[in-house]
Amino acid sequence: MEQLDREIVELLVKDGRMSYTDLGKATGLSTSAVHQRVRRLEQRGVIKGYTALIDAESVGLAMTAFISVKPFDPSAPDDIAERLAGIEEIEACHSVAGDENYILKVRVATPTELELLLARVRSVAGVSTRTTVVLSTPYEARPPRL
């Protein structure tokens with residue numbers, strides 16, 4: 001990836017709503033040149049989309065947890081991610097090396113909702129779980145170093 005593309009990506013990571021005009025001023029490119037570069041970055045899959053970052057607590061999702069899952073039957077097909085895809089409380093699903101097969105990041109309102117979610121995850125995916133509840137989050141969603 002060219003240096004100018006890296007600069008554009010870094011600027012958009014900091015402010016996904018930055019206009020093409022402002023991107024151009026920051027990089028020394030014309031508005032149309034920036035627009036073309038952003039479009040190419042999107043087409044190549046470097047930029048996958050734009051999203052709003054939400055304060056989960058302010059929308060009633062005060063509890064964050066990480067759920068590690070592993071199948072009861074290790075010889076069964078690995079379709080856990082697909083089975084869990086419809087559960088909206090799961091914010092992220094990571095395939096991992098180690099004792100577990102996947103780690104899920106979930107957000108719910110209460111411990112009772114977490115308990116119900118755990119039962120649903122176990123039932124839907126046929127897995128055992130190990131859960132870690134988040135007490136606080138000093139930082140999150142940090143952009144990758146380009």
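The preceding data block contains the structure.
Residues numbered from 1 in each chain as written. Predicted model: local features only at pLDDT ≥ 70, side-chain atom pairs only at ≥ 80, totals over all residues. Heavy atoms only, no water.

Asks: Break down unusual backbone geometry for me, with residues and values.
Replies: You will see that A141, though not glycine, has its phi angle at about 55°, which is positive. A141 gets classed as exposed once you look at its relative accessible area, which sits at 59%. (Buried < 20%, exposed > 50% of the residue type's maximum accessible area, 1.4 Å probe, protein only.)

Asks: Hey, could you go over the layout of surface pockets for me, with residue numbers and the actual values?
Replies: Within this model, the largest pocket holds a volume of roughly 640 Å³. If you go around the largest pocket, you meet 18 residues; those closest to its centre are L12, V13, G49, Y50 and T51. The residue makeup of the lining of the largest pocket, split by class, is ten nonpolar, three polar and five charged. Taken as a whole, the second largest pocket holds about 400 Å³ of empty space. Lining the second largest pocket are 15 residues, with E91, K105, R107, E140 and A141 positioned closest to its centre. (1 Å grid on protein atoms, 1.4 Å probe; cavity = no way out; pocket = protein on both sides within 12 Å on 5 of 7 lines; lining within 4 Å. Points joined across faces, edges and corners; volume = space filled by probe spheres on them. Nonpolar A, V, L, I, M, F, W, Y, C, P; charged D, E, K, R; others polar.)

Asks: Lay out the environment of Y50 in plain terms, naming residues and giving numbers.
Replies: With respect to the helices and strands, the residue Y50 is situated in the loop between helix 3 (31-43) and strand 1 (63-71). Note: C-alpha distance between Y50 and G16 (34 residues apart in sequence) is 6.2 Å. Beyond its immediate chain neighbours, meaning those up to four positions away, Y50 contacts L12, G16, V38 and E42. (Helix = DSSP H or I, 4+ residues; strand = E, 2+ residues; numbered from the N terminus. Contact = heavy atoms within 4.5 Å.)

Asks: Kindly report on the nonpolar core, identifying the contributing residues and their values.
Replies: Residues V69, L84, L104, V106 and V121 are the most contacted members of the largest nonpolar core, which totals 18 residues. If you list the elements that add at least two residues to this core, you get strand 1, helix 4 (80-84), strand 3 (102-108) and helix 5 (111-125). Broken down by element, the residue count for this core peaks at five residues, all from helix 5. For V69, the residues in contact, after removing those within four places along its chain, are I80, E100, N101, Y102, L104, V121, V127, S128 and T129. Counting eight residues, the second largest nonpolar core, distinct from the first, contains L12, V34, V38 and L41. (Core = buried A, V, L, I, M, F, W, Y, C linked by side-chain atoms within 4.5 Å.)

Asks: Talk me through a nonpolar patch on the surface; I want residue IDs and the actual numbers.
Replies: Taken together, M1, V46 and L146 make up a surface patch of nonpolar side chains, about 230 Å² in accessible area. If you trace the backbone, V46 turns up in the loop between helix 3 and strand 1. (Patch = residues over 30% accessible without salt bridge, like charges linked within 9 Å, V, L, I, M, F, W, Y side chains within 5 Å. Areas by Shrake-Rupley, 256 points an atom, 1.4 Å probe, with all protein chains shown as cover. Salt bridge = Lys/Arg side-chain N within 4 Å of Asp/Glu carboxyl O.)

Asks: Give a detailed account of helix 5, specifying residues and quantitative values.
Replies: Given a rise of 1.5 Å per residue, 15 residues ought to cover 21 Å, and the 21 Å separating the end C-alpha atoms of helix 5 matches this to within 8%. By the burial criterion, the buried members of helix 5 are L114, L117, L118, V121 and A125. Buried residues of helix 5, seen end-on, are gathered within an arc of 105° and therefore sit on one face of the element. Opposite the packed face of helix 5, turned more than 90 degrees from it, sit the exposed residues T112, E115, L116 and S123. (Expected span 1.5 Å × (residues − 1). Arc of directions from axis to C-beta.)

None of the figures reported here should be taken as evidence of function without further support.
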